[in-house]
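Chain by chain, the residues:
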Amino acid sequence: MSTTSVHPATSASRNQPENQSQSPALPYARRRDQLVGSVIDASTTVLAQYHHDIVKFGMGAPAPDMLPAADFARIASDVFSPENFTYGETKGEPILIEALHDYLAATEQIPPEQQGNRDRILITSGGMQGLDLGFKLFVTPGDLVACESPTYTNGSATAMSYEAEILEIPVDEEGMQIGVLEEHTKRTGRAPKVIYTVPTFQNPAGVTMSLPRRERLLEFAHRHRSVIIEDNPYGMLRFEGESLPALSDLSPNDPLIFGVRTFSKFVAPGLRVGWIDVDPEVRELAVNAKQTMDSCAPVPNQHLIARWLAEGGADSHVEVLRKAYRERKIAMSEGLERLFPGEIRATDPDGGFFLWVTFEDESINTEVLMTTALEEGVAYIPGPAFSPAGNFSNALRLCFASAAPDRIDDGLQRLRRAVDRYRAER
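Small disclaimer: the values here were computed from a predicted structure and weren't measured. (Residues numbered from 1 in each chain as written. Predicted model: local features only at pLDDT ≥ 70, side-chain atom pairs only at ≥ 80, totals over all residues. Heavy atoms only, no water.)

> Where do I start with the overall build of the protein chain in this structure?
In terms of helices and strands, the protein chain carries 13 helices and 15 strands. Over its C-alpha atoms the protein chain spans a radius of gyration of 21 Å, differing by no more than 12% from the 22 Å that the globule rule assigns to 426 residues. Seen through its principal axes, the protein chain has C-alpha atoms that stretch 60 × 55 × 55 Å. For the protein chain, with 426 residues in total, the buried portion stands at 57%. In the form shown here, the protein chain has an accessible surface area of approximately 17800 Å², with 51% of it arising from carbon and sulfur atoms. For the protein chain, the distance from the average position of its 41 positive side-chain charges to the average position of its 59 negative side-chain charges is 3 Å. (Helix = DSSP H or I, 4+ residues; strand = E, 2+ residues; numbered from the N terminus. Rg over C-alpha atoms; globule rule 2.2 N^0.38 Å. Buried < 20%, exposed > 50% of the residue type's maximum accessible area, 1.4 Å probe, protein only. Areas by Shrake-Rupley, 256 points an atom, 1.4 Å probe, with all protein chains shown as cover. Lys, Arg positive; Asp, Glu negative; His and termini not counted. Charge placed at Lys NZ, Arg CZ, Asp CG, Glu CD.)

> How should I be thinking about the packing of helix H4 (residues 127-138) against helix H9 (residues 280-290) in this particular structure?
When two helices pack together, their arrangement is given by the angle between the helix axes and by the axis-to-axis distance. The N-to-C vectors of H4 and H9 enclose an angle of 105 degrees; their axes lie 10 Å apart at closest approach. In terms of axis orientation, H4 runs roughly perpendicular to H9. The residues of H9 that touch H4, namely those facing Gln129, Leu133, Lys136, Leu137 and Phe138, are Val282, Leu285, Ala286, Ala289 and Lys290. Its residues placed into classes, the contact of H4 with H9 shows 7 nonpolar, 1 polar and 2 charged. (Axes fitted to C-alpha atoms, helices over the stretch in contact; angles between N-to-C directions. Parallel < 35°, antiparallel > 145°, perpendicular 65-115°, else oblique. Contact = heavy atoms within 4.5 Å. Nonpolar A, V, L, I, M, F, W, Y, C, P; charged D, E, K, R; others polar.)

> So what exactly am I meant to see when it comes to a nonpolar patch on the surface here?
A surface patch of nonpolar side chains, about 190 Å² in accessible area, is lined by Leu211, Leu244 and Leu250. Secondary-structure assignment places leucine 250 in helix H8 (residues 247-250). Its relative accessible area of 30% is what places leucine 250 among the partly exposed residues. (Patch = residues over 30% accessible without salt bridge, like charges linked within 9 Å, V, L, I, M, F, W, Y side chains within 5 Å. Salt bridge = Lys/Arg side-chain N within 4 Å of Asp/Glu carboxyl O.)

> I would appreciate a short explanation of the pattern of salt bridges in the present structure.
It is possible for side chains of opposite charge to pair when their charged atoms get near one another. The full count for this structure, using the stated rule, is 40 salt bridges. The shortest N-O distance in the salt bridge between arginine 118 and glutamate 98 comes to 2.7 Å. You can see arginine 118 sitting in the loop between helix H3 (94-106) and strand E3 (121-124) and its partner glutamate 98 sitting in helix H3, a full 20 residues away along the chain. The class of arginine 118 is partly exposed, set by a relative accessible area of 25%. The partner of arginine 407 in a salt bridge is aspartate 410, with the nearest N and O atoms 4.0 Å apart.

> How should I be thinking about the sheet that holds strand E12 (residues 354-359) in this particular structure?
In any sheet, the strands associate via hydrogen bonds between backbone groups, in a parallel or an antiparallel arrangement. With antiparallel pairing, the 4 strands of this open sheet are ordered in space as E11-E12-E15-E14. At either margin of the open sheet sits one strand with a lone partner, and together these are strand E11 (344-346) and strand E14 (381-382). In this sheet, E12 lies alongside E11 in antiparallel orientation, the contact comprising 3 bridges. Counted as the bridge partner of isoleucine 344 is phenylalanine 359 from E12. (Pairing = 2+ DSSP bridges.)

> What's the story with the nonpolar core in this structure? I'm lost.
The nonpolar side chains of a soluble globular protein tend to be buried with one another. Formed by 112 residues in total, the largest nonpolar core has its most connected members in Phe135, Phe258, Phe263, Phe266, Leu309 and Tyr325. Residues in contact with phenylalanine 263, not counting those within four places in the same chain, are Leu96, Leu100, Ala268, Val273, Gly274, Trp275, Ile305 and Leu309. By size, the runner-up hydrophobic cluster in this structure holds 16 residues, among which are Met176, Leu181, Ile228 and Ile257. (Core = buried A, V, L, I, M, F, W, Y, C linked by side-chain atoms within 4.5 Å.)

> I tried to follow unusual backbone geometry on my own but got confused; where do I start?
Apart from glycine, the bulk of residues carry a negative phi angle, and the bulk of peptide bonds sit in the trans form. Of note, the bond from serine 149 into proline 150 is cis; its omega dihedral lies within 30 degrees of zero at 10 degrees. With respect to the secondary-structure elements, proline 150 resides in the loop between strand E4 (144-149) and helix H5 (153-161). Positive phi, normally seen in glycine, also occurs at glutamate 108, with a value near 60 degrees. Given the relative accessible area of 69%, glutamate 108 is considered exposed. A positive phi is found at phenylalanine 392, a non-glycine position, where the angle reads about 70 degrees. One can find phenylalanine 392 in the loop between E14 and strand E15 (395-399).

> Could you clarify how one ought to interpret the packing of aromatic side chains in this entry?
The way to describe two aromatic rings as a pair is by their centre distance and the angle between their planes. Across all of its chains, the model carries 15 aromatic pairs by this definition. Judged by centre distance (5.6 Å) and plane angle (85 degrees), the rings of tryptophan 356 and phenylalanine 392 are edge-to-face. Here phenylalanine 392 lies in the loop between E14 and E15 and tryptophan 356 lies in strand E12, a separation of 36 residues in the sequence. For the pair tryptophan 356 and phenylalanine 392, one class covers both residues: buried. When the ring centre of tyrosine 28 is taken as origin, the NZ or CZ atom of arginine 32, which lies over that ring, is 4.9 Å away. (Phe/Tyr/Trp six-rings, centres within 6.5 Å; stacked < 30°, edge-to-face > 60°. Lys NZ or Arg CZ within 6 Å of the ring centre and 35° of its normal.)

> Is there a simple way to think about helix H7 (residues 211-224) in this case?
Spacing of three or four residues puts side chains on the same side of an α-helix, whose turn is 3.6 residues. Under the 1.5 Å per step criterion, the end-to-end length of H7 is 20 Å for 14 residues, consistent within 8% with the ideal 20 Å. Within H7 the residues assigned to the buried category are Arg213, Arg214, Leu217, Leu218, Phe220 and Ala221. Mapping the buried residues of H7 onto a view down its axis gives an arc of 160 degrees, with all of them on the same face. Residues of H7 that are exposed and point more than 90 degrees away from the buried face comprise Pro212 and Arg223. (Expected span 1.5 Å × (residues − 1). Arc of directions from axis to C-beta.)

> I would appreciate a short explanation of the UniProt feature "domain: Aminotransferase class I/classII large" (unreviewed entry) in the protein chain in the present structure.
The UniProt record annotates "domain: Aminotransferase class I/classII large" (unreviewed entry) at residues 81-415. When the span residues 81-415 is considered, its composition is 40% helix and 17% strand, and the gap between its end C-alpha atoms is 47 Å. (UniProt positions renumbered as here; feature names shortened; annotations may be inferred.)

> How do you make sense of the pairing of strand E9 (residues 257-262) when you look at a structure like this?
By the criterion of burial, E9 is predominantly enclosed, with 6 of the 6 residues buried. The sheet contact formed by strand E8 (residues 227-231) and E9 spans 4 bridges and is parallel. Across the sheet, residue isoleucine 229 finds its bridge partner in E9, namely phenylalanine 258.

Okay, here's the thing in structure tokens:
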């Protein structure tokens, strides 16, 4: 989907706000220019400026009707007691670690070799803190970090905040092109210190890394001693096709794999609870690092999730999500085919949240189109938001998880009108 590119740690952000003050410059740290922010997260602020109805395909969040709110309201009256509104253990509340381990083991999300080992789990304040911990522990200024292109730029931005150089590796229908990574390493004599990947239902493209490529990536990492940060928020949301083993399943107890998971995509993002699955030695360092951030993840929310898991709430809820997301993905795919015949190429994921849409007309700029789309009442994330270099100007990401099928159809019709207006006005 793109060519390989490297972005030095000293490069300034394309999104860096200009200093509008005339006062003497403040003594910022060198990493200031690497704090690039997130176009994705900033979209919530952009939407707040509009007061008419907007179909929101932008943020990767479950729709309100897909949240187990009734379960939480019932459980909260019991677990939201005074003793649970204090500080907790940095590694996480033992009751949540136990319930989470049991759920993952029962659903075959832990390799047999790791079952019974709770010393690999550290509860985090959302998946983003897990990414931050991974890059904090393994990135020294100037280190090379490889990521997919397009990529979840909240991940690459976190690496850049620790002054990493970013190497973008193109993605196709089988995920990250490991051959390109190998060729770049051979040509430059420089292997990445860290490889950041979302191998299953990738954000933003929705593609899944094939089994041969997963094995090839592991071989590369072992050969070059590269750490793999495996970001896996969508793995349990497969609604079609055969499941593939996570990298941590293919190489159990591998200290080079730093697994990042979250409750945001299959429970609720507002809880801000996730976890990392790492070698016990790495976990101890991660505990130290987390203690410089927030001491512990939200204790009441940990007890809420623990009770919900222990009651079996996740089992039925995940099945509801899979069924609903399959219907929504089909509605979006069929709507795009009907409304944009011959004009676009779209991915066709077997799970997760997203479709990646590329306009055949390369002159369409989705960043410019965005203003018209919002006026027409539909939101998406433009393609350049998923590349540190700002590539993919004729592409965009659509989240099908956040709207019901009839709402999806309405949003796509608004997008159709926006594209027609854009072309006419241009």
